[in-house]
Amino acid sequence: MTPAVRVQDLDVTLDGTHVLRGVDLAASTGEWVNIIGPNGAGKTTLLRALLGLVAFDGEIAIDGLSDRRRSARARKVAYVPQTPVIPPGMLVADYVLLGRTPHRGVFAAETANDRRIAAGVLSRLDLGGFGERTVQSLSGGERQRAVMARALAQQADVLLLDEPTTALDLGHQQDVLELIDALRRERGLTVIATLHDLTLAARYGDRIAILARGRVAETGPPADVLTVQNIAEHFGASVRIVDDPEGPVIVPTTAASAQNGDQP
Amino acid sequence: MSDSQPNGGPHVVLEASGLRPRSLAAGLAAAAVAVVAGLTIGPVDIAAHRVALQLLDGLPGLTIDSGLSDAHAAIVEQIRLPRVALGLLVGATLSVSGATYQGAFRNPLADPYLLGIAAGAGLGATIAITSNLGDGAGVFDAVPLAAFAGALISVTVSYVAGHLGGRSTASLILAGIAVASFLTACQTYVLQANSDAFRQIFAWILGRIATSGWSEPALMLPYFVVTVAVVLRYRRALDVLAVGDEEAAALGLEPRRIRLVVVLAASLGAAAAVSVSGLIGFVGIIVPHTVRLAFGSSNRLVLPLSVLFGGAFMVLADLAARTALAPAELPIGVVTAFLGAPFFVLVLRTSRREIW
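Since the model is a prediction, treat every value here as computed from it, not as a measurement.

Engineer: Explanation requested: the overall build of chain B in the structure shown.
Structural biologist: If you tally the helices and strands in chain B, you get 14 helices and zero strands. Along chain B, helices (α) and strands (β) appear in the sequence α-α-α-α-α-α-α-α-α-α-α-α-α-α when read from the amino end. Taken against the 2.2 N^0.38 rule, which gives 21 Å for 356 residues, the C-alpha radius of gyration of chain B at 22 Å falls within 12% of a compact globule. Judged by the C-alpha coordinates and their principal axes, chain B covers about 75 × 55 × 40 Å. Taking all 356 residues of chain B together, the buried fraction comes to 53%. Residue pairs in contact within chain B that sit at least 24 positions apart in sequence constitute 75% of those at least 6 positions apart. Total accessible area on chain B stands at roughly 15,400 Å², and carbon and sulfur atoms take up 67% of it. Positive and negative side-chain charges of chain B, numbering 21 and 20 respectively, have mean locations separated by a distance of 8 Å.

Shown next as structure tokens:
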């Protein structure tokens, strides 16, 4: 089976800094891959390279995409940024319809089909009655769903999520990740997400890749990648791993407990 | 999953923002009221129905007796009509340019003069006046030509300098501020060296909708058409740019190219407006924001309605400028700010819409 996304030997240099060096990553159709790593490791840059927003050396292959134009890419890859720009005064309906831009072209009006797709996505994400409200007026959780709705309206096969749970409380974090998982199953989406919360990264998604100092340091199933050694090495963090039926739980340890020999 | 049902469809009816018949009618009505007022009110009051008949008489193939004396007919056709036309064109162009700048730069304070058009035009006009190349009257006078050239040069320099400085719109705005400051300093220097021309230059800076026959409206018309045609074509793209360059690019657009096209179109129109009527301030800010407060923020309605309400506002402001102290005329820049500012504050206070 050809992977939906394949990155080979990817190099990105931003303002003279070598941000990504020889990154290899693949995700097959319908797979959910989480990218974890310390701040500044290059996670967002990797997503931006997949979106064609930064110049790179190496190869990025997205299944079925041969056209190099931005609009063609946007029909294949949808993006939920970490801190989306909330356009002042824009109605939720208009905002979600922006997701249809790569399909309709810059100058054309949206079709009845575009409106139907946008309405469907809104009701799927429980925002059915919100079309006439401004995006600004939504709560944090509703906003995140509105941004997701815009990305889903793109009807792309690949969904890139940059820290989708930042700024959400635990309940809303869970809601968003469950939603992504459900949508992935419904639509066969390939999901590549960056996440800070390692326990959540282990719980949702099939594989984890650790990105550190611009390289993919480890990749594999959560239980194989999330080890005390890996986390100490790449995050500089001291943790215990607690085994749970649903996956490893990463618990930070204090300096005092480490001295007491309270190691797993 | 509701959106995958081709026939059932979701219950929610989703409508995109756009120009509704009601808001279009409101804009057309405002423009019509302004035109009627501009044609009928003045030192000589002329009944509206006679004005209408006189205008119909002017159409090819129609001969109607409006009942106006030759002198009154001449006032309508030779004096007021060109002036109203110029007011419509200048007001519409400045307003739609302002709306475009605000959308393209995602900045509510952006106006058509953001990239140094005012300073460039001011310097051009000052040089032309102080070198006695012209007196600031008439279209083929050196003053409007020098102002037009100065405006376009300053926008070009700002754009080039801004893009050398980086990729953000902020660097472009800062470049515009630097260019404007530099050109204003040059203008002040020229002015100090030629203080006898101060009054004339000051009058030019405050702006006017003055016509000698149809030459000014005729000069303005092609720029108005180009600006409005380009900018309206890009109205949907400007709505996408509202989410920022990065997200707009992720949605398949080329934000920098779009910004270049619309800003150049808006600048061309604004430069032409400045060269025929001087620096009329405030219009490019208050008209688009009033439209947003009254009708909504989508560029699909803000841009076309700015054309209509901007034209109407300028015709009414010019009416006030020529009647308030008649027979003397107030500079129109004074009127747009004196009437426009309180009106805008009122709209700001009463509207419940979030626009920025």
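So, next bit.
Engineer: Is there a simple way to explain unusual backbone geometry in this structure?
Structural biologist: Peptide bonds are mostly trans, and most non-glycine residues show a negative phi. Residue and element names in this part refer to chain A. A positive phi angle is found at Asp 15, which is not glycine, with a value near 50°. For Asp 15, the position within the fold is in the loop between β1 (3-14) and β2 (17-28). Positive phi values are uncommon outside glycine, yet Arg 213 reaches one of about 50°. Along the chain, Arg 213 turns up in the loop between β8 (207-212) and β9 (215-220).

Engineer: Just checking my understanding: could you explain the interface of chain B and chain A for this structure?
Structural biologist: A common way to express how large an interface is: the accessible area buried when the components associate. Contact with chain B, which involves 36 residues of that partner, is made by 50 residues of chain A. Summing the contributions of chain B and of chain A, the shared interface buries around 3,600 Å²; its carbon and sulfur component is 58%. The tally of links from chain B across to chain A stands at four salt bridges. B:Glu246 is the partner of A:Arg48 in a salt bridge, and the nearest nitrogen-oxygen pair spans 2.7 Å. There are eight residue pairs in polar contact (both at pLDDT 80 or more) connecting chain B and chain A. Of all the elements in the fold, those that place two or more residues in the side of chain B that touches chain A are α9 (235-241) and α10 (245-250) of chain B. Partitioning the side of chain B that touches chain A into residue classes produces 18 nonpolar, seven polar and 11 charged.

Engineer: Hey, could you run me through the sheet that holds β2(A) in this one?
Structural biologist: Within a beta sheet, neighbouring strands are joined by backbone hydrogen bonds and run either parallel or antiparallel to one another. Residue and element names in this part refer to chain A. One open sheet accounts for three strands, arranged β2-β1-β4; its pairing is antiparallel. Because the sheet does not close on itself, it has two edges, and the strands there are β2 and β4 (57-62). Each strand of the sheet is rotated relative to its neighbour by a mean of 15°, with strand direction disregarded. As defined by bridge partners, β1 adjoins β2 across eight bridges and the pair is classed as antiparallel. By the bridge assignment for β2, Val 12 is matched with Leu 20. Those strands touched by helix α1 (residues 43-50) are β1, β2 and β4, and its axis lies near 115° from that of β1.

Engineer: Explain the packing of aromatic side chains to me, please; I cannot follow it from the model alone.
Structural biologist: Pairs of aromatic rings are described using the distance from one ring centre to the other and the angle between the two planes. Counted according to the given criterion, the structure contains six aromatic pairs over all chains. When the ring centre of A:Phe107 is taken as origin, the NZ or CZ atom of B:Arg233, which lies over that ring, is 3.7 Å away.

Engineer: It is not clear to me how the side chain of A:Arg104 should be interpreted in this structure. Could you clarify?
Structural biologist: Within the secondary structure, A:Arg104 is located in helix α4 (residues 101-104). Within the buried set, A:Arg104 has no salt-bridge partner at all; the shortest N-O distance to an opposite charge, 4.5 Å, is to A:Glu110. Those residues within four positions of A:Arg104 in sequence are excluded, and the remaining contacts are A:Ala109, A:Glu110, A:Asp114, B:Arg236, B:Val240 and B:Arg300.

Engineer: I tried to follow the pairing of strand β5 (residues 77-80) of chain A on my own but got confused; where do I start?
Structural biologist: Along a regular strand, successive side chains alternate from one face of the sheet to the other. Residues and elements named next belong to chain A. Covered by surrounding structure in β5 are Val 77 and Tyr 79 together with Ala 78 and Val 80, the residues of both alternating faces. Pairing geometry for β5 and strand β6 (residues 158-162), over four bridges, is parallel. Bridged to Val 80 within β6 is Leu 161.

Engineer: Would you mind going over a nonpolar patch on the surface with me for this structure?
Structural biologist: All names here are of chain B. Together, Leu 19, Leu 24 and Leu 28 make up an exposed nonpolar region whose accessible area comes to about 230 Å². Inspection of the secondary structure assignment puts Leu 28 in helix α1 (residues 21-40). A relative accessible area of 46% places Leu 28 in the partly exposed class.

Engineer: Looking at this model, I keep getting lost on the pattern of salt bridges. Mind explaining?
Structural biologist: Side chains that differ in charge, positive against negative, can pair when their charged atoms come close. One pass over the full model with this rule turns up 16 salt bridges over all chains. Note that A:Asp157 and A:Lys76 form a salt bridge whose closest N and O atoms lie 3.0 Å from each other. Of this pair, A:Asp157 sits in the loop between α6 (140-153) and β6 while A:Lys76 is found in helix α2 (residues 70-76), placing the two residues 81 residues apart along the sequence. A:Asp157 gets classed as partly exposed once you look at its relative accessible area, which sits at 39%. Between B:Arg300 and B:Asp239 there is a salt bridge, with the nearest N and O atoms lying 3.5 Å from each other. Of this pair, B:Arg300 sits in helix α13 (residues 299-323) while B:Asp239 sits in helix α9, and the two are 61 residues apart along the sequence. Relative accessible area serves as the criterion here: at 11%, B:Arg300 is assigned to the buried category. With relative accessibility at 8%, the residue B:Asp239 sits in the buried group. Salt bridges here are not isolated pairs; linked through shared partners, they connect A:Asp181, A:Arg184, A:Arg185 and A:Asp206.

Engineer: Honestly, the nonpolar core in this entry has me stumped. Any pointers?
Structural biologist: In a soluble, globular protein the nonpolar side chains are often hidden away together inside. By size, the foremost hydrophobic cluster in this structure holds 125 residues, and its most contacted members are B:Val90, B:Leu94, B:Tyr101, B:Phe105 and B:Trp204. Not counting the four nearest positions on each side in its chain, B:Leu94 is found in contact with B:Pro112, B:Tyr113, B:Ala270, B:Ala273, B:Ile280, B:Val283, B:Gly284 and B:Met314. Listed in part, the 30 residues of the second largest apolar core include A:Ala27, A:Leu53, A:Ile60 and A:Ala209.

Engineer: I would appreciate a short explanation of the layout of surface pockets in the present structure.
Structural biologist: It is the rolling of a water-molecule-sized probe over the atoms that shows where space remains empty. Estimated volume of the largest pocket: approximately 790 Å³. What lines the largest pocket is a set of 42 residues, and nearest its centre among them are A:Gly89, B:Ser17, B:Gly296, B:Ser297 and B:Ser298. Of all the elements in the fold, those that place two or more residues in the lining of the largest pocket are α3 (92-97) of chain A together with α1, α3 (70-105), α9, α12 (283-295) and α13 of chain B. Along the lines of polarity and charge, the residues of the lining of the largest pocket split into 16 nonpolar, 12 polar and 14 charged.

Rules behind the numbers
- Residues numbered from 1 in each chain as written.
- Chains lettered and ligands numbered in written order.
- Predicted model: local features only at pLDDT ≥ 70, side-chain atom pairs only at ≥ 80, totals over all residues.
- Heavy atoms only, no water.
- Helix = DSSP H or I, 4+ residues; strand = E, 2+ residues; numbered from the N terminus.
- Rg over C-alpha atoms; globule rule 2.2 N^0.38 Å.
- Buried < 20%, exposed > 50% of the residue type's maximum accessible area, 1.4 Å probe, protein only.
- Contact = heavy atoms within 4.5 Å.
- Areas by Shrake-Rupley, 256 points an atom, 1.4 Å probe, with all protein chains shown as cover.
- Lys, Arg positive; Asp, Glu negative; His and termini not counted.
- Charge placed at Lys NZ, Arg CZ, Asp CG, Glu CD.
- Buried area = accessible area lost by both parts, 1.4 Å probe.
- Salt bridge = Lys/Arg side-chain N within 4 Å of Asp/Glu carboxyl O.
- Polar contact = N/O pair within 3.5 Å; in protein donor to acceptor, adjacent residues only side chain to side chain.
- Nonpolar A, V, L, I, M, F, W, Y, C, P; charged D, E, K, R; others polar.
- Pairing = 2+ DSSP bridges.
- Axes fitted to C-alpha atoms, helices over the stretch in contact; angles between N-to-C directions.
- Phe/Tyr/Trp six-rings, centres within 6.5 Å; stacked < 30°, edge-to-face > 60°.
- Lys NZ or Arg CZ within 6 Å of the ring centre and 35° of its normal.
- Patch = residues over 30% accessible without salt bridge, like charges linked within 9 Å, V, L, I, M, F, W, Y side chains within 5 Å.
- Core = buried A, V, L, I, M, F, W, Y, C linked by side-chain atoms within 4.5 Å.
- 1 Å grid on protein atoms, 1.4 Å probe; cavity = no way out; pocket = protein on both sides within 12 Å on 5 of 7 lines; lining within 4 Å.
- Points joined across faces, edges and corners; volume = space filled by probe spheres on them.

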